[in-house]
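Observations on chain architecture
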2 protein chains.
Amino acid sequence: MGHGQQTGRAMDIKAYLTEKRALVDSFLSSYFDGGLVPAHLNEAMTYSLFAGGKRLRPILALASHEACGGTAEDILPQAASLEFIHTYSLIHDDLPAMDNDDLRRGKPTNHKVFGEGIAVLAGDALLTEAFYLLATKSRRSSLAAHRSVLRIIRETALAAGAHGMVGGQAEDVRSENTALDSDNLAFIHAHKTGALITVSVRMGAILAGSGKKNLSALTQYGENIGLAFQIIDDILDIQGDSRELGKETGSDERKKKTTYPGLYGIEQSRRKAGELVENAVRALESLPKRAEPLREIAPYILRRRN
Amino acid sequence: MGHGQQTGRAMDIKAYLTEKRALVDSFLSSYFDGGLVPAHLNEAMTYSLFAGGKRLRPILALASHEACGGTAEDILPQAASLEFIHTYSLIHDDLPAMDNDDLRRGKPTNHKVFGEGIAVLAGDALLTEAFYLLATKSRRSSLAAHRSVLRIIRETALAAGAHGMVGGQAEDVRSENTALDSDNLAFIHAHKTGALITVSVRMGAILAGSGKKNLSALTQYGENIGLAFQIIDDILDIQGDSRELGKETGSDERKKKTTYPGLYGIEQSRRKAGELVENAVRALESLPKRAEPLREIAPYILRRRN
């Protein structure tokens, strides 16, 4: 017999994703129960936050926390903050001055409904609120727990800001209508989508007090699935079903964006995504059975249709 | 003899402001020495960050920290974060979809130089970086110190986000071209400018481990100078010198914005600002001599010309 985790029947990853998504959604809903916020701003924030997101980043944080021995419920505020950040980035990316998209997840984009000014502010508010959530009072009152929270705030800020996601988007904006080489494209992918996905996985581990070895394995996992995710995104923009995607396909080509399949072809891109997912799963070899959901999420990314 | 702080020759507040501003500026400059950030994004961020701001909010945090027995140099990252947040808010407020301003501090606004897309991203990056700075590793390694840092992150997020500054700006955007009553105007002022100024003062105290009594006195001080600051801002938009201000005057009237002098007249607005400054100074009565800079900054706000 090999490793424990390779025996027994396969776990039901769909049920796991559904359960964790419900956990995240219920946290997000209750968060907006109160509200001293101006009503129209609140409406613009929740419009995009509850537009049917898959909650991939929070789920990765929860799964990673469980893989390292933690309890998902303990880090819901921090995991949810990742969805605030992801949502803000979509609202701002869709603006006319950036990607100028009218449709997202089958609904008119935020600025189409609320106007550009409020869309900018709704994004700003979601980003700011994310850091409130990250700094939520910990149940564990130890110095180590507080240190971990401060560390994930710094890491999330780096992953989301100029050194990460915003930096990637700035390169993307600058290079629209320009043919990119593979290095430029790798920079944009690693920063625009990869950084936040990687920090999602790291967050769960750090908040569980994980050591360097696990953290390094999970970082490798995150980097690999982050790139796989983006490659599939690019492929879906060419081959996907616009109804399932909830937005028009072919937008990268119309905007003359350099993409993975554009540089390497669909065939090779699919192969590359498959390899990345294998690498991701291999990176988790030293982790125990409870890392099984992470192992199953990786190939799930290849099969996604939206 | 009365309180110690009321005797002796008056302190040189100009020298104090110059010294503290230099401290903040030198921290900000060195912060941008490195840089893995895409060059054009870095340029857009620093363009606005080094456009000649008075660094009022960081200085308030430093002065409040000193008033509570702390050392200014110990909280430079956290104090500087306030300037990142203030600068991001100016960049986004100036956008065509919001106030549509072409000139700020005598220079073309960020989007006029870098385009709207990069201006949105430069603001996003500054806001995100602010939270990195807030979570900077503390020199003090106690649990109490870590708790204080997490607390100021939460308070700053609340003051800057939907419950504070962004909420105020959202109301402002919504009510352009609409006549407001005094309650609406008070809401906008308290949120759009008041909240961040108040949290600047509180931050210094909280990071010094101040007790409830001082914190409550400093909060009152912050709220009063925050409103005084905004009233003077409105008056300068009518009576100021556009060269000294670095932007055109009369913009509130052109945008049909309800302002304090618009509702109450210039005379009564000046009187109100004077009263607020008196209230602010009175709130500090129980604080020791080392709160002198805060006492002097309050009337300084009345005399400012830009």
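Reading the values: rules and limits
In every chain, residue numbers begin from 1 and rise along the written sequence. Each chain takes a letter, starting from A, and each ligand takes a number, starting from 1, following the order in which they are written. With pLDDT at 70 or above as the cut-off, local features in this predicted model cover only qualifying residues; side-chain atom pairs require 80 or more to be listed or tallied, and sums for whole chains, interfaces and linings still use all residues. The numbering of helices and of strands both runs from the N terminus, where a helix is a DSSP run of H or I of at least 4 residues and a strand a run of E of at least 2. Both definitions apply: the radius of gyration is a C-alpha atom measure, and the globule rule equals 2.2 Å times residues to the power 0.38. Residues with at least 20 neighbouring C-beta atoms inside 10 Å of their own are called buried, those with 12 or fewer are called exposed, and the rest are partly exposed, where every C-beta is derived from the backbone. In this description, a residue-residue contact is defined by the distance between C-beta atoms placed from the backbone, which must lie within 7 Å. The fit set for superposing copies consists of C-alpha atoms from residues with pLDDT of at least 70 in both; the fit itself is least squares. Residues are grouped as follows: nonpolar covers Ala, Val, Leu, Ile, Met, Phe, Trp, Tyr, Cys and Pro; charged covers Asp, Glu, Lys and Arg; every other residue, Gly included, is treated as polar. As a rule, the C-alpha atoms of each element are fitted with a line to give its axis, helices using only the stretch in contact, and angles between N-to-C directions run from 0 to 180 degrees. The labels follow the angle: roughly parallel below 35 degrees, roughly antiparallel above 145, roughly perpendicular from 65 to 115, and oblique for the rest. The length a helix should cover is 1.5 Å for every residue beyond the first. The reported bend at a residue is simply the angle between two axes, fitted to the 7 residues ending at it and to the 7 residues beginning with it. When buried Ala, Val, Leu, Ile, Met, Phe, Trp, Tyr and Cys residues are joined through C-beta atoms within 7 Å, the set is termed a nonpolar core. Directions drawn from the helix axis to the C-beta atoms are what define this arc. Per residue, pLDDT captures the predictor's confidence, and it can take any value from 0 to 100.

**What about the overall build of chain A?**
Of the regular secondary structure elements, chain A holds 15 helices and two strands. A compact globule built from 306 residues should have a C-alpha radius of gyration of about 19 Å, and chain A, at 19 Å, falls within 12% of that. Residues classed as buried in chain A amount to 50% of the 306 residues present. Pairs at least 24 apart in sequence give 73% of the contacts found in chain A among residues at least 6 apart.

**Some thoughts on the relation of the copies chain B and chain A**
When chain B is fitted to chain A, the best match, at an RMSD of 0.0 Å, comes from turning it 180 degrees and sliding it 0.0 Å along the axis. Taken together, these values place the two copies in the relation of a two-fold axis. In terms of C-alpha distance to the rotation axis, chain B has Leu-143 of chain B as its closest residue, with the C-alpha 2.6 Å off the axis. A symmetric contact is evident, with 100% of the interface residues of chain B recurring at the interface of chain A.

**Here we look at the interface of chain B and chain A**
At the interface, 43 residues of chain B touch 43 residues of chain A. When residues of the side of chain B that touches chain A are traced back to their parent elements, those giving at least two are helix H2 (39–49), helix H6 (116–134), helix H7 (143–160) and helix H8 (165–174) of chain B. No other element matches the twelve residues that H6 of chain B contributes to the side of chain B that touches chain A. Class assignment for the residues of the side of chain B that touches chain A results in 27 nonpolar, nine polar and seven charged.

**Some thoughts on the environment of Tyr-16 of chain A**
All names here are of chain A. Along the chain, the position of Tyr-16 falls in helix H1 (residues 13–31). Each C-alpha atom of the pair Tyr-16 and Thr-178 lies 42 Å from the other, and the pair is 162 residues apart in sequence. Those residues in contact with Tyr-16, other than ones at most four positions away along the chain, are Met-11 and Pro-293.

**A short note on the packing of H7 of chain B against helix H9 (residues 182–207) of chain B**
When two helices pack together, their arrangement is given by the angle between their axes and by how far apart the axes lie. Residue and element names in this part refer to chain B. Here H7 crosses H9 at 175 degrees, and the two axes come no closer than 9 Å. Taken together, the axes of H7 and H9 lie roughly antiparallel to each other. Here H7 contributes Ser-148, Arg-151, Ile-152, Glu-155, Thr-156, Ala-159 and Ala-160 to the contact with H9, which in turn contributes Ala-195, Leu-196, Thr-198, Val-199, Arg-202, Met-203, Ile-206 and Leu-207. Class assignment of the residues belonging to the contact of H7 with H9 gives a composition of nine nonpolar, three polar and three charged.

**A closer look at the packing of helix H14 (residues 266–283) of chain A against helix H15 (residues 292–303) of chain A**
Residue and element names in this part refer to chain A. Across the interface, H14 lies against H15 with an axial gap of 9 Å and an inter-helix angle of 175 degrees. Our classification of the angle between H14 and H15 gives roughly antiparallel. Where H14 approaches H15, its residues Ala-273, Gly-274, Val-277, Ala-280 and Val-281 are matched on the opposing element by Arg-295, Ala-298, Pro-299, Ile-301 and Leu-302. Here the contact of H14 with H15 is composed, by residue class, of eight nonpolar, one polar and one charged.

**What about H9 of chain B?**
Since the α-helix turns once every 3.6 residues, residues separated by three or four places project in the same direction. Residues and elements named next belong to chain B. Here H9 is 26 residues long and its end C-alpha atoms lie 35 Å apart, about the 38 Å a rise of 1.5 Å per residue gives. Where H9 bends most, at Gly-194, the angle is about 55 degrees. Counting buried positions over the 26 residues of H9 gives 20, a clear majority of the element. Among the residues trailing H9, Gly-209 stands out with phi positive, at a value near 75 degrees.

**A short note on the nonpolar core**
The biggest cluster of nonpolar side chains holds 175 residues, and the ones touching the most others in it are Ala-122 and Ile-153 of chain A together with Ala-122 and Ile-153 of chain B. Filtering out sequence-adjacent residues up to four positions away, Ala-122 of chain A remains in contact with Leu-41, Ala-44, Met-45, Ser-48, Ile-91, Asn-110 and Phe-114 of chain A.

**Some words on H2 of chain B**
Among the residues of H2 of chain B, Leu-41, Ala-44, Met-45, Ser-48 and Leu-49 of chain B are the ones counted as buried. Mapping the buried residues of H2 of chain B onto a view down its axis gives an arc of 125 degrees, with all of them on the same face. Next to the buried residues of H2 of chain B lie helix H8 (165–174) of chain A together with helix H1 (13–31), helix H4 (76–93), helix H5 (110–114) and H6 of chain B.

**A closer look at the environment of Tyr-132 of chain B**
By secondary structure assignment, the location of Tyr-132 of chain B is in helix H6. For Tyr-132 of chain B and Gln-78 of chain B, which are 54 residues apart along the polypeptide, the C-alpha to C-alpha distance reads 9.1 Å. When near neighbours in sequence (up to four residues on either side) are disregarded, Tyr-132 of chain B contacts Arg-154, Ala-157, Leu-158 and Gly-161 of chain A.

**Section: the environment of Pro-293 of chain A**
All names here are of chain A. Relative to the helices and strands, Pro-293 resides in helix H15. Residue classification places Pro-293 among the buried residues on the basis of 20 C-beta atoms within 10 Å. A sequence separation of 281 residues divides Pro-293 from Asp-12, and the C-alpha atoms of the two residues are 8.7 Å apart. Pro-293 has contacts with Met-11, Ile-13, Tyr-16 and Ala-63, leaving out every residue within four places of it along the chain.

**Concerning unusual backbone geometry**
Despite not being glycine, Arg-55 of chain A shows a phi value in the positive range, around 60 degrees. Looking at the secondary structure, you find Arg-55 of chain A in the loop between helix H2 (39–49) and helix H3 (56–67).

**Considerations on the confidence of the model for chain A**
All names here are of chain A. In the predicted model, chain A carries a mean pLDDT of 92, and the fraction of residues at 70 or more is 96%. Confidence drops under a pLDDT of 50 for residues 1–8, and excluding neighbours within four residues, the segment shows six contacts in the predicted structure. Interface scoring of the predicted complex returns ipTM 0.95; its pTM is 0.95.

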